[in-house]
Amino acid sequence: MRTVAIVGRPNVGKSALFNRLAEKKISIVHDRPGVTRDRIVAECSLGRAPFQIIDTGGIGAGADAEFADQVEAEVMIAVEASDLILFVVDAHDGLTPVDTEIARMLRRSSKPVILVVNKVDHQKHSQGVTEFMSLGYNPVMPVSAEHAIGFDDLVHRTESLLPADEPSETRGGQVPLKIAIVGRPNVGKSSLTNAILEDDRTLVSAVSGTTRDAVDIPYQRGDQNYILIDTAGIRQRTKRSDSVEVFSVMRSESSIRRADICCLVIDAAQGVTSQDKRIAGMVCEAGKPCVIALNKSDLVREQCRDKESLTEFLENIKSELFFINYAPVSLMSAKTGDSLDRLFKRIENVREASRKRLGTGVLNRLFSSAMTNHPPGAKAGRRFKLLYATQPNPRDNVAVPVPEIVLFCNDDTLLDDGYRRFLEGRIRDQVSWTGLPIHFHLRARTPSANVRKRGKD
Ligand code: GDP
């Protein structure tokens, strides 16, 4: 959803403005630790289409930030996590050095900014507005959050500068999904590729890829479009040698990089070998969506004869591949063509899951309670503090966008792998994002000597 951030120094009336735009009474207590973060995010429905608003003044409330760091963090979050910024100043106080400093920081960003002069409660205050012209914003929007003056104009102006809202569900829906079938030699990659292609009659011609022997095959199944990438080496069966094995790893690397989703083939009869783990590690490292095809099910019928033994069998495989636990496992046979449908259903489930979004309110509430119940450990007396989290809109034209979560924090070096996994687990409790890794991007608060100095004036 399109996001508008409200920034400004303390006491200019950011929360009052926020409450007006949200059309509700939300009491924000800035100086109490553990403030529930959803109060800083709300929806504004005053315009033609709703947009999301963030009150950056509520962010990190109760954290140990100095005044200048706090202002800097607010601006950083506004610039990175929003589509438009409402920069609020106070008509009663006039232009202050901190306002000038905030304007300087905002100039570094390319986001549209609207200067909102608050507390213009009467006509007689409107003279004070001209003073702010020197900041270089045009037009300046005078409002009174307390008396609900000027909001129609403000919302109208905001809407005219916001990008059009494109429903994320439709994004990338028609883009062909690039599948890389990867795995060590002899697990059945070419058999699977052939089974897939033979299974369908609407096969389009093969197209040569960029490298000499890479072949990408457009393929249609039902009403969905796919591209099977780098199939040249796996379509014809050759006698394997050590050098071929090395070559196959190199090939896997480039296929993985180009793929929207990796189908990692594992030989069920042999179980997970160290080379399987190595290739799974490459998929993980590349941060790619993944499904696991546990091939040659016909050879393990005995081990999987009933539900219980099947579950146990699958659990064993999964525990060997614990580091890529986001990937669902499908037992199948390329030889008999068994469960190909299920494999494609899994792939479609992943595509569908990649469209799921976690609202900023939900996300911040989730982290806030998780971190209150299980605070991170201290490192040299300092603790990781999360100021604000958001999931940016996925890029257009990406068939399977990997969920990205931006974490604005006090210091990115304080988040260790264990705690990162803990946070990821809490997200997956809420939305499973099957087959998808979750990318965390950390943005640390960077204190600016300049603002600090001014802040203490
Ligand atoms: P690749 O090196 O990964 O491409 O593996 P291939 O597709 O060449 O398969 C290696 C061997 O496994 C061949 O002898 C295949 O016939 C056999 N194979 C592939 N899939 C299956 C399967 O589902 N069941 C059985 N029993 N054998 C299979």
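Let us look at the structure shown here. (Residues numbered from 1 in each chain as written. Predicted model: local features only at pLDDT ≥ 70, side-chain atom pairs only at ≥ 80, totals over all residues. Heavy atoms only, no water.)

1. A closer look at the environment of proline 139
The condition is simple: Segments assigned H or I by DSSP are reported as helices when at least four residues long, segments assigned E as strands when at least two residues long, and all are numbered from the N terminus.
Here proline 139 shows up in the loop between strand 5 (113–118) and strand 6 (140–142). Between the C-alpha atoms of proline 139 and arginine 157, which are 18 residues apart in sequence, the distance is 9.5 Å.

2. Things to note about the site of the ligand
Selection rule: What makes a residue near a molecule or strand is one non-hydrogen atom of that residue sitting within 4 Å of it. As used in this structure description, the phrase polar contact means that two N or O atoms lie within 3.5 Å; if the pair is within protein, one of them must be able to donate a hydrogen and the other to accept it, and residues adjacent in sequence are counted only when both atoms belong to side chains. With residues, only the protein chains shown are counted as cover, and all accessible areas are computed by Shrake-Rupley using a 1.4 Å probe. Charged residues are taken to be Asp, Glu, Lys and Arg, nonpolar residues to be Ala, Val, Leu, Ile, Met, Phe, Trp, Tyr, Cys and Pro, and polar residues to be all remaining types, Gly included.
The full set close to the ligand counts 17 residues, and Asn186, Lys189, Ser190, Ser191 and Asp298 are the nearest of them. In this structure, an oxygen atom belonging to the ligand sits 3.0 Å away from a side-chain N or O atom of lysine 296. For the ligand, the accessible surface in isolation is 580 Å², of which the surrounding protein chains cover 84%. No other element matches helix 5 (residues 189–199), which puts 3 residues into the shell around the ligand. When grouped by side-chain class, the residues that make up the shell around the ligand number 4 nonpolar, 6 polar and 7 charged.

3. Considering the packing of aromatic side chains
Note on aromatic pairs: each is described by the distance of the centres and the angle between the planes. Applicable threshold: Classification of ring pairs rests on two measures: the distance between centres of Phe, Tyr or Trp rings, Trp counted by its six-membered ring, which must be within 6.5 Å, and the angle between planes, read as stacked under 30 degrees, edge-to-face over 60 and tilted in between.
Under the defined criterion, the tally for this structure stands at 7 aromatic pairs. Through pairs of rings, three or more aromatic residues link up here, namely Tyr219, Tyr226 and Phe344.

4. Description of the pattern of salt bridges
When the charged atoms of two side chains lie near each other, side chains of opposite charge can form a pair. Applicable threshold: Salt bridge, as used here: a side-chain nitrogen of Lys or Arg that lies within 4 Å of a carboxyl oxygen of Asp or Glu. The rule is simple: take the accessible area with a 1.4 Å probe, protein chains only, and divide by the maximum for that residue type; under 20% is buried, over 50% is exposed, in between is partly exposed.
Counted under the stated rule, the structure contains 16 salt bridges. Ionic pairing is found between arginine 443 and glutamate 80, a salt bridge with its closest N-O pair at 2.4 Å. Of the two residues, arginine 443 is situated in strand 18 (residues 439–444) and glutamate 80 in helix 2 (residues 67–81); the sequence distance between them amounts to 363 residues. For arginine 443, a relative accessible area of 27% puts it in the partly exposed group.

5. Side note on the sheet that holds strand 17 (residues 404–409)
We apply this condition: Pairing between strands is defined by DSSP: at least two bridges between the two strands are required. As a rule, the C-alpha atoms of each element are fitted with a line to give its axis, helices using only the stretch in contact, and angles between N-to-C directions run from 0 to 180 degrees. Every residue pair with non-hydrogen atoms within 4.5 Å of one another is taken to be in contact.
Ordered by their spatial adjacency, 3 strands build an open sheet running 16-17-18, and the pairing between neighbours is mixed. One side of each edge strand has no neighbouring strand; the edge strands of this open sheet are strand 16 (386–390) and strand 18. For this sheet the average axis-to-axis angle between neighbouring strands, irrespective of direction, equals 20°. As judged from the 6 bridges shared by strand 17 and strand 18, these two strands associate in the parallel manner. Each residue of the ladder has a partner; that of cysteine 409, found in strand 18, is alanine 444. With respect to the sheet, helix 12 (residues 417–430) is in contact with strand 17 and strand 18, its orientation differing from that of strand 18 by roughly 120°.

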